[in-house]
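Breakdown of the fold
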Amino acid sequence: MCGIAGFYHREKDYEVYGTQYRSILANMHQKLWHRGPDDSGIYLAKHCGLSHSRLSIIDISGGHQPMVRTEGGRTCSIVYNGELYNGEELRTLLKERGWKFTTTCDTEIILLGFMEFGAEFVKKLNGIFAIAVFDSAQETLHLFRDPMGVKPLFYTEVNGEFIFASEIKGILAHPSVKAEIDRNGLNEIFGIGPARSVGCGILKGVHEVCPGEYLICSRQLPLQRNIYWKLESYPHTDSYEKTIETVSNFVRDSIQRQMVSDVPICTFLSGGVDSSLVSAVCAAELKKQGKRLATFSFDFVDNQKNFKANAFQPSQDRPYVEKMVSYIDSDHTFLECDNQNQIAMLYDSVKAHDLPAMADVDSSMLYFCSLVNKKYKVTLTGECADEIFGGYPWFHKEECLKAEMFPWTMDLSPRKELLSDEFLDYLKMDDYVLERYHQSVAETPRCEEDSPREARRREISYLNIRWFMQTLLNRMDRTSMYHGLEARVPFADTRIVQYVWNVPWEMKARQGVVKNLLREAGRGLLPEEVLFRRKSPYPKTYDPLYENLLKSMVRETILDGNSPVLQFVDKKKVERFLGQSSDYGKPWYGQLMAGPQMLAYLLQIDEWMKRYQIKVVD
């Protein structure tokens, strides 16, 4: 994986002030150095500049970027962040059409594919990616983002200049960009966060290339947006048995494809069905090569003493991890995070995201990734299976199916609890959130054959794929890439997502079994007690000392008259909240973010405003 950045202007001649703009490009990739600490490079043309920082995974010695190719008087250059999982098939296709390769890296495949087929070549890619290609003959810049949005790609336009980067910090490194936020951005932070509306970069004027989309900057036309992949709805005609077989084949093939690497790989293993399936397939493949899979699990110091079972988190992971380690014979490491590291990483999490994030749910993952990176550059994870196969409680609860609201945030009142009445009146949070909700529901691809109940299930699935899954993909990318670790997500393969999208609910959750389809597809790969384990999400600490530390930090923030967050909160409301005992069983976002995470999120907002010197504007 890597970090990419650059700029384009249809009129400006960058080469006239080459030293100045090369310096800007160097600053941009320096801000993204954590994403690619192995190599860096810049490319400057008359109307475009490209910048790259590289994490070497494939063709370690030959994959330098920006990569430039000239054929028949036409020069194209590329910067690319991602991984191709069908690279060899595409390489063969291009060789058959007469193209010669000078490297074994997938960057060259994409560049030559673009030169041969144009922008529509992106439809042939199976992988995760953010790509920028400049065609000097046509004087056009193309930006591409993978169909599921696994890899980030932000952009803005300032005075006719188009500026882009893998992360917002890369954009802010350009001297023309200001860090400002308006009412819409504040509603995203307080009403929707840590989620974001699709394509929203929070800061005023900052956007993100949408999943399955590519942009074209040209001298003749305004910025063009093109959708090259989207979900399609149609009746499912396969039998139950055929559906299980198809899903099983897709899952195994996706995992096997995503093992491609010139460096050793590992997996995250929680003991749940998703990560266990990924680990089991990887272990079996490596065993054929005489190798042993390395696995990692995460928990908190003394969590066995402090754990509080609830409807959202019914059991601890370790007993199931131990069963899986024995079953697949992996080289396992149990990692634990203490209060001090979790607190310390709260602010690093803001630096990783350039935004407030998932509080300690995010900071703990950041810490774990820093430990995994000491030995590995590539890991496979079980992310996205719950969104695709219907694993969350809100897929099953009647109140969620009937509510006109995002199912992971059914009640906005906890979000308002600390905010001043004046600020709430300014935000009009309910109107903003409901508008985003109805907008997304209206976008749901429909199938005429659906019953009203099945149509509602489809809406819930669409909301999860377009919203909740994006939050977790953002988390996985930023926490891993902050430490130069590439995290892959086999369940986010478009073949799996598209096929399962049309499978009726009676198959997905047959006889009321949550994620039944995936469990049945995994028979023979896992012990029964793991295969049919009740879902328990990513762990979090239940240590009361941790919450006390947060409360002390929040009190210090409130007493600091210079804290930016004071313009949003009511001090009396905050003090009242700090005096209450936390309810760990009633999250305000997802399944994990309850009272302590509300405090941690508030601290992240304050740190974000200070670190990036965010100015509130109308």
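So, a few notes on the structure that sits alongside this text. (Residues numbered from 1 in each chain as written. Predicted model: local features only at pLDDT ≥ 70, side-chain atom pairs only at ≥ 80, totals over all residues. Heavy atoms only, no water.)

1. Examining the sheet that holds strand S17 (residues 378–380)
Read from one edge of the open sheet, five strands run S16-S15-S14-S17-S18, paired in parallel fashion. The sheet is open, and its two borders are formed by strand S16 (331–337) and strand S18 (486–488), each paired with just one other strand. Strand-to-strand twist of the sheet, defined as the mean angle between neighbouring strand axes without regard to direction, takes the value 30°. Here seven bridges tie strand S15 (residues 294–300) to S16, and the two strands are oriented parallel to one another. Its bridge partner lying in S16, Phe298 is registered against Leu335. (Pairing = 2+ DSSP bridges. Helix = DSSP H or I, 4+ residues; strand = E, 2+ residues; numbered from the N terminus. Axes fitted to C-alpha atoms, helices over the stretch in contact; angles between N-to-C directions.)

2. Details of the side chain of Gln470
Mapped onto the fold, Gln470 is located in helix H17 (residues 452–481). Note on Gln470: relative accessible area 10%, which makes it buried. Here Gln470 is in contact with Arg145, Met148, Gly149, Pro211 and Ile465, once residues within four sequence places are set aside. (Buried < 20%, exposed > 50% of the residue type's maximum accessible area, 1.4 Å probe, protein only. Contact = heavy atoms within 4.5 Å.)

3. Some details on the nonpolar core
Within the largest apolar cluster, 110 residues are counted, with the highest numbers of intra-cluster contacts made by Phe7, Phe190, Phe298, Val372, Leu419 and Trp608. Core analysis: the second largest hydrophobic core is formed by 54 residues, Tyr85, Leu277, Met324 and Phe491 among them. (Core = buried A, V, L, I, M, F, W, Y, C linked by side-chain atoms within 4.5 Å.)

4. Some remarks on the state of the cysteines
Under the counting rule described, the total for this entry stands at zero disulfides. With no disulfide of its own, Cys210 has Cys200 as its nearest cysteine by sulfur position, at a separation of 10 Å. Residue Cys210 is classed as buried on the basis of its relative accessible area, which comes to 11%. (Disulfide = S-S within 2.5 Å.)

5. Details of the packing of helix H22 (residues 544–559) against helix H23 (residues 571–578)
One can describe the packing of H22 onto H23 by two numbers: an axis separation of 11 Å at closest approach and a directional angle of 165°. Looking at the two axes, H22 sits roughly antiparallel to H23. You can see that H22 and H23 cross each other, and the crossing is left-handed. Facing Lys551, Val554, Arg555 and Ile558 of H22, the residues of H23 in contact are Lys571, Val574, Glu575 and Leu578. (Parallel < 35°, antiparallel > 145°, perpendicular 65-115°, else oblique. Left-handed = near helix turned anticlockwise from the far one by under 90°.)

6. A look at the pattern of salt bridges
Applying the stated criterion across every chain, the model contains 46 salt bridges. Of the charged contacts, one joins Arg74 and Asp135 as a salt bridge, the two residues approaching to 2.9 Å between their closest N and O atoms. Here Asp135 lies in strand S6 (residues 127–135) and Arg74 lies in strand S5 (residues 74–84), a separation of 61 residues in the sequence. Judged by relative accessible area, Arg74 falls into the partly exposed class, the value being 23%. (Salt bridge = Lys/Arg side-chain N within 4 Å of Asp/Glu carboxyl O.)

7. Brief notes about the sheet that holds strand S7 (residues 140–145)
Taken together, the six strands give an open sheet; going across it, the order is S4-S5-S6-S7-S12-S13, and neighbouring strands pair in antiparallel fashion. At either end of the open sheet lies a strand with only one pairing partner, and these are strand S4 (67–71) and strand S13 (224–227). Ignoring which end each strand starts from, the neighbouring axes of this sheet average 20° apart. Note that S5 and S6 share nine bridges and pair antiparallel. Along S6, the bridge assignment pairs Leu84 with Gly127.

8. Here we look at the packing of aromatic side chains
Summed over all chains, the structure comprises 32 aromatic pairs. An angle of 50° between the planes, with centres 4.6 Å apart, marks the rings of Phe406 and Trp467 as tilted. With Phe406 in the loop between helix H13 (398–402) and helix H14 (413–416) and Trp467 in helix H17, the pair connects residues that are 61 residues apart, well separated along the chain. A relative accessible area of 4% places Trp467 in the buried class. An aromatic cluster is defined as three or more aromatic residues linked by ring pairs; in this entry it consists of Tyr392, Trp394, Phe406, Trp408, Tyr437, Trp467, Phe468 and Tyr589. One Lys or Arg, Arg91, reaches over the ring of Phe101 and ends 4.8 Å from the middle of that ring. Residue placement shows Arg475 over the ring face of Tyr538; its charged tip is 4.3 Å from the ring centre. (Phe/Tyr/Trp six-rings, centres within 6.5 Å; stacked < 30°, edge-to-face > 60°. Lys NZ or Arg CZ within 6 Å of the ring centre and 35° of its normal.)

9. Considering the environment of Gly49
Here Gly49 is to be found in strand S3 (residues 48–54). Exposure remark for Gly49: the relative accessible area of 0% places this residue in the buried category. As for Gly49 and Glu15, which are separated by 34 residues in sequence, their C-alpha atoms are 9.5 Å apart.

10. Here's the deal with helix H1 (residues 18–31)
End to end, H1 covers 20 Å across 14 residues, agreeing with the expected 20 Å (1.5 Å per residue, within 8%). Within the span of H1, buried status applies to Gly18, Tyr21, Ile24, Leu25, Met28 and His29. For H1, the angular spread of the buried residues around the axis is 130°, confining them to a single face. (Expected span 1.5 Å × (residues − 1). Arc of directions from axis to C-beta.)

11. Some remarks on unusual backbone geometry
Here the residue pair Gly193 and Pro194 is connected by a cis peptide bond, since its omega of 5° sits within 30 degrees of zero. Following the sequence through the fold, Pro194 ends up in the loop between helix H5 (183–192) and strand S11 (207–208). We note that Asn159 has phi near 50°; this positive angle belongs to a residue other than glycine. With respect to the secondary-structure elements, Asn159 resides in the loop between strand S8 (154–158) and strand S9 (161–165).

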